Amino acid sequence: MAEITALSAETMAAKLRARELSAREVLEAHQARTEVQEPTVNAFITLDWEAAEARAAELDAMATRGDFAGPLHGLPVAIKDCFETKGLRTTWGSKSFETFVPDYDALHVARLRAAGAVITGKTNTPEFTLSGQTANLVSGTTRNPLNPQKSVAGSSGGAAAVLAANMAALADGSDLGGSTRTPAAWCGVVGMRPSSGLIPYDPNPAPFDGLSVPGPMARTVRDLVLMLEVMQGNAACQPLGYWQALPRLAELEEAPAPRSGRVALSLSPFGSSVEPSVQAAIAPVEALCRELGWQVAEDTPPLEPLLAHQDIIRGQCALQLRSALQPDMALAGESYRTACAQAEGRSLAELIAYQTTRAKVWADVCAFFQRYDFALWPTATGMPFSADLRDGEITEDWRTVTLTPPMELPSASIPFGNSADGMPVGLHITGPKGSDARLLQFARSIERALQG
């Protein structure tokens, strides 16, 4: 059973299609694994094995007839608890929605189901996703499977933990300020924030704002592409719709065709203080890139002016969610109340100053990516903090590496070495908007080189 859960999603899918494995066997293996890991990790808010078993039986019946639902046929997939799931509790980590069961799926969840995913449960998230620590008043704190004393960061911490503990083959996340990328880095998996609009976000409390997006998470870049191919694609309900052809899995083994063959690397991005062992873990990427034929320069995208506006960005999202979902604020936790307070009372002049800065940074970032194909830096500036810290006790410096959302840029974190405490370090890769396919090819070339 353990051997099944350790397979890559790609290999698992191939064995299911070849009928070397049944969907029921795969599900039973993951259920057994979850029963062992979950009491320590606490990665799920809700599990529903009964519904998953019914879906697996349905898929096995299809396979007997020679039919397959799609590329994810029979794969156990975990959904972040900020996305609606038909017939399965969706809480947003909020006491206000502790018993809420939607009668519909979020659009990308419906696509995953249609492709054959077996949804096993909902992964933990801080209340309305607005914290760097995956903890809430509904289900408590998620702990890092690699060291339960350590944090999984936020906000897709439950998803990253599920993958690191082999409790699901794939998991989705959402990303406003690094919420797929930082948890992926600290759990040793892969997380991606795609170009805004690539994956339709519906229902969306802020449909005309591309700051927060759904994103795939997986244990390898190839697995992530398998999932992203299903999640992405235009939808008529999306005012910010965007589509591009993604690389097929076979194409990921080919060297990317660079436009200019230049990458920018910074071991201390945006003036942040990076823990020396994190820098040491990332530093070899320079030589690796050169070996792969890339020119490397020390440089960083000009995102630093956005640092002064982070509270507005986070607070804007908090108020949009409050307006759309109307939670009972008397039941809200400290982190969410703080996020709302950061936006309340802001003057029109402050909001215009943020938008003016955003426009100027956008122009500068576009010019930057005329010179470079990609920018690289450490995903997090430090090592995982304690899982027992509350949001107000966490230092903010580690967040400064995830400034790409206001520019709606594709960004990914892939595992790259370990820090002094033995925990994984993530390499952060960012490219210009719409470069998702090339970015994934580049990330796969790095991953392949590390695997030898």
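Residues numbered from 1 in each chain as written. Predicted model: local features only at pLDDT ≥ 70, side-chain atom pairs only at ≥ 80, totals over all residues. Heavy atoms only, no water.

Trainee: Help me out: how do you make sense of the overall build of the protein in this one?
Mentor: A tally of regular secondary structure across the protein gives 14 helices and 13 strands. On C-alpha atoms alone, the protein measures out to a radius of gyration of 20 Å, which is about the 22 Å that the 2.2 N^0.38 rule sets for 452 residues. Viewed in the frame of its principal axes, the protein has a C-alpha envelope of about 60 × 55 × 45 Å. Out of the 452 residues in the protein, the part that is buried amounts to 60%. Long-range contacts, defined as pairs at least 24 residues apart, comprise 75% of the intrachain contacts of the protein with a sequence gap of at least 6. Split by element, the accessible area of the protein, about 16,300 Å² in all, is 52% carbon and sulfur. Distance between charge centroids for the protein: 3 Å, based on 37 positive and 50 negative side chains. (Helix = DSSP H or I, 4+ residues; strand = E, 2+ residues; numbered from the N terminus. Rg over C-alpha atoms; globule rule 2.2 N^0.38 Å. Buried < 20%, exposed > 50% of the residue type's maximum accessible area, 1.4 Å probe, protein only. Contact = heavy atoms within 4.5 Å. Areas by Shrake-Rupley, 256 points an atom, 1.4 Å probe, with all protein chains shown as cover. Lys, Arg positive; Asp, Glu negative; His and termini not counted. Charge placed at Lys NZ, Arg CZ, Asp CG, Glu CD.)

Trainee: Teacher, can you tell me more about unusual backbone geometry here?
Mentor: Note: most peptide bonds trans; most residues except glycine with negative phi. Omega for the peptide link from Gly154 to Ser155 comes to 5°, which places this bond in the cis form. Inspection of the secondary structure puts Ser155 in the loop between strand S5 (140-141) and helix H6 (157-164). Backbone torsion omega between Asp202 and Pro203 reads 0°, so that peptide bond is classified as cis. When you line up the elements, Pro203 lands in the loop between strand S7 (190-193) and strand S8 (213-218). Phi at Asn42 takes a positive value of approximately 55°, unusual for a residue other than glycine. Its location among the elements puts Asn42 in the loop between helix H3 (23-41) and strand S1 (44-47). Of note in the backbone geometry, Ala153 takes a positive phi value of approximately 65° without being a glycine. Note on placement: Ala153 falls in the loop between S5 and H6.

Trainee: Even after reading the chapter, I still don't get the state of the cysteines, so can you show me in this structure?
Mentor: The term disulfide refers to a covalent linkage connecting the sulfur atoms of a pair of cysteines. In this structure the tally under the stated criterion is zero disulfides. Summary of cysteine pairing: Cys317 is not part of a disulfide, and the nearest cysteine sulfur, belonging to Cys340, is at 9.6 Å. Using a relative accessible area of 11% as the deciding quantity, one classes Cys317 as buried. (Disulfide = S-S within 2.5 Å.)

Trainee: Even after reading the chapter, I still don't get the packing of aromatic side chains, so can you show me in this structure?
Mentor: Geometry of an aromatic ring pair is reported as the spacing of the ring centres plus the angle between the planes. All chains considered together, the criterion is met by 13 aromatic pairs. Note on Phe97 and Phe100: the rings are 6.2 Å apart at their centroids and 75° apart in plane angle, and the pair reads as edge-to-face. Centroid distance Phe368 to Phe369: 5.1 Å. Interplanar angle 90°. Geometry classified as edge-to-face. Owing to a relative accessible area of 4%, Phe369 belongs among the buried residues under this scheme. The structure contains a cluster of three or more aromatic residues connected by ring pairs, namely Trp92, Phe97, Phe100, Phe128 and Tyr336. (Phe/Tyr/Trp six-rings, centres within 6.5 Å; stacked < 30°, edge-to-face > 60°.)

Trainee: Would you mind going over H3 with me for this structure?
Mentor: Owing to its 3.6 residues per turn, the α-helix aligns residues three or four sequence positions apart on the same side. With 19 residues, H3 ought to run about 27 Å at 1.5 Å a step, and its terminal C-alpha atoms sit 25 Å apart, in line with that. Glu35 marks the point of greatest bend in H3, at about 35°, and the proline Pro39 comes within the next four residues. Those residues of H3 lying buried are Ala23, Val26, Leu27, Ala29, His30, Gln31, Thr34, Gln37, Glu38 and Val41. Two residues or fewer after H3 comes Asn42, characterised by a positive phi angle close to 55°. (Expected span 1.5 Å × (residues − 1). Bend = angle between axes of the 7 residues up to and from the residue.)

Trainee: When you look at a nonpolar patch on the surface in this model, what are you seeing that I'm missing?
Mentor: A cluster of nonpolar side chains, Leu348, Leu351 and Ile352, forms an exposed patch at the surface whose accessible area comes to about 290 Å². Relative to the assigned elements, Leu348 resides in helix H13 (residues 348-371). (Patch = residues over 30% accessible without salt bridge, like charges linked within 9 Å, V, L, I, M, F, W, Y side chains within 5 Å. Salt bridge = Lys/Arg side-chain N within 4 Å of Asp/Glu carboxyl O.)

Trainee: Explain the pattern of salt bridges to me, please; I cannot follow it from the model alone.
Mentor: Where charged atoms from two side chains of opposite charge come close, those side chains can pair. Tallied over the entire structure, the rule returns 18 salt bridges. Residues Arg181 and Asp175 are paired through a salt bridge, measuring 2.9 Å at the closest nitrogen-oxygen approach. On the basis of relative accessible area, Arg181 is assigned to the buried category, the value being 0%. Ionic pairing is found between Glu408 and Lys433, a salt bridge with its closest N-O pair at 3.3 Å. With a gap of 25 residues between them, Glu408 in the loop between strand S11 (374-378) and strand S12 (411-418) and Lys433 in the loop between strand S13 (424-430) and helix H14 (436-451) connect regions that are remote in the sequence. Of the residues examined, Glu408 reaches a relative accessible area of 14% and is grouped as buried. For Lys433, a relative accessible area of 35% gives the class partly exposed. Overlapping salt bridges bring together Arg358, Glu408 and Lys433 as one network.

Functional significance is not addressed by these values, which are geometric in nature.
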